[in-house]
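Topology and contacts: notes
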Amino acid sequence: MKTRELELIELSRTLVDEFYKKQNAGVLNSLSKRNYDELSVSREKILSQIRDEMSQYEDVDGNEMTEEQKDEVLELVRKELWGYGIIDGLIHDKEISDIKIYNDKQIRVKRYGKRMDSGVRFANRADYKNFVTRLLERNKVNLGTANAIQTFTDATQDDFILRITAISGLLTDSGNTCIAIRKIPKEKYTLRALEQAGMFNHLQPDEGRTCIDGIVELKFLSEVNEQFDALFQKMIASKGILFTGKGASGKTTLMNAMLKEIPWDESVMICQENAELFDEDHPDLLAAHVMISGGDSKVSYNLGDLTRAALLVDLDRVIVGEVKEGSEAAGLSKASMTGHKCWTSVHGESCEMAVDKMADYISQATGYKTKESLKQLCGFEYVIHLRNFRIDEIKKIDGWDKNTDSIILKPVYPFEEVVDEK
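In this report, we go over the structure that sits alongside the text. Keep in mind that what you see is a predicted model, and the values were worked out from it rather than measured.

1. Considerations on the nonpolar core
The biggest cluster of nonpolar side chains holds 33 residues, and the ones touching the most others in it are Phe 232, Leu 254, Met 258 and Ile 391. For this core, the secondary-structure elements that each account for two or more residues are α7 (191-196), α8 (226-237), β7 (240-245), α9 (251-259), β8 (268-272), β12 (382-387), β13 (390-401) and β14 (406-413).

2. Some points on the sheet that holds strand β10 (residues 317-320)
By way of backbone hydrogen bonds, the strands of a sheet pair with one another, either parallel or antiparallel. Taken in spatial order, the eight strands of this open sheet run β9-β8-β10-β11-β7-β12-β13-β14, and their pairing is mixed. The strands lining the two open edges of the sheet, one partner per strand, are β9 (285-289) and β14. Sheet twist, expressed as the average angle between the axes of neighbouring strands with direction ignored, equals 20°. Here α9 sits on the sheet in contact with β7, β8, β10, β11 (341-347), β12 and β13, set at roughly 165° to β11. Contacts between helix α10 (residues 303-310) and the sheet are confined to β8, β9 and β10, with β8 contributing the most and set at about 170° to the helix.

3. Considerations on the pairing of strand β2 (residues 107-111)
Sheet analysis places strand β1 (residues 96-101) next to β2, joined by five bridges and oriented antiparallel. Its bridge partner being in β2, Ile 99 is matched across the sheet by Val 109. Where β1 folds back on β2, the antiparallel hairpin that results is connected by five residues. Where β2 lies against strand β3 (residues 114-117), four bridges are found, and the strand directions are antiparallel. Bridged to Arg 111 within β3 is Lys 114. Counting the residues that bridge the hairpin from β2 to β3 gives two residues, and of these Tyr 112 lies at a positive phi of roughly 50°.

4. A closer look at the sheet that holds β2
A sheet is described by the order of its strands in space; here six strands give the open sequence β3-β2-β1-β6-β5-β4, paired in antiparallel fashion. The open sheet has two edge strands with one neighbour each: β3 and β4 (149-154). Each strand of the sheet is rotated relative to its neighbour by a mean of 20°, with strand direction disregarded. Against the sheet, helix α6 (residues 125-138) contacts β1, β4, β5 (160-167) and β6 (178-185), and its axis sits at roughly 55° relative to β6.

5. A word on the environment of Cys 378
You can see Cys 378 is positioned in the loop between α13 (370-376) and β12. Separated by 138 residues in the primary sequence, Cys 378 and Gly 240 have C-alpha atoms spaced 9.4 Å apart. Discounting residues that sit within four places of it in the chain, Cys 378 has contacts with Lys 239, Ile 397, Gly 399, Trp 400 and Ile 407.

Definitions and limits used
- Residues numbered from 1 in each chain as written.
- Predicted model: local features only at pLDDT ≥ 70, side-chain atom pairs only at ≥ 80, totals over all residues.
- Heavy atoms only, no water.
- Core = buried A, V, L, I, M, F, W, Y, C linked by side-chain atoms within 4.5 Å.
- Buried < 20%, exposed > 50% of the residue type's maximum accessible area, 1.4 Å probe, protein only.
- Helix = DSSP H or I, 4+ residues; strand = E, 2+ residues; numbered from the N terminus.
- Pairing = 2+ DSSP bridges.
- Axes fitted to C-alpha atoms, helices over the stretch in contact; angles between N-to-C directions.
- Contact = heavy atoms within 4.5 Å.

In structure tokens form, the structure reads like this:
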């Protein structure tokens, strides 16, 4: 990095530090929470004042800053105050789904399902500590001894909802706080966009989709993926879906894309830990998130509570973001057995493992034996497994085998190859 560029970066940090000394964290936080019009005016006023301050800065030769240099510094200041500083570019990069910061020099990203180095570094350990402190202050998060692991959501960015997990240096062997950021696009992927990104790797999508008499027969995907398109239509209309795979395999992204295709004449409730699943267009959709007790408050509402509430509401579909314990699995399976169309995700290495894991969760909460717990899952119909942002396999829950006392899983993807007989 050139010396002059480093000087401008250092100047921007100096100006930000001076601003923080003048303004307490509460004032800055209130600026972040105001309505858009007031926020725009406030930001412009602050940046204008900082620009005026730059008139007193000169280089070693006594030259004043050019207007272009002032613009560059102000952009760096804006990123520090309302964005994410040096990682702001990573935050807004549409190809990146996850960012993990281990320390000032080790910043990893996941781009289209592949992990790699970000190419970005903090100046030093103190610079990274300042970043963490300001991130926590802005989101009103206390990362102390009593709550050394915190998960929270930042929905203030224009293009992404950020699910942030902070693990205090009190728990890490290195002593550095680890920050993991999952990015959920506010402008959701369509199934067609996911096809272009390679999630459905059965066949490559058509570049030019043709119409016959002005009518496009396929609803979701390009013509070359006709089998996949027909399967998606069946799955979206089905009794229920289990999405499974490792963390960051694409489960939430695919669920969000499929949410968009739920018919508007159906009533939907989403229950989740963080506001990741959403659809702003559906007229009959309620999204609710958990509430964790904080401070002296003993009041909390978990996913099990939300799922039980869903059973009391006139709904067609109940969607749980991710099942992690028994009460969530038991509540959702109960909903699926009472006529609701249910979707959820669960970590698993295969479709079979996802079913077994859900059954284990149900057993933990209800005391049912494995056979009875597995029967509860007959209210679902499809299991989708993803690996590295691609659909790996899909199986259909095709009833209960009385001879073997086991659930029937019928493979439906990968598709069977059709051999032409000549």
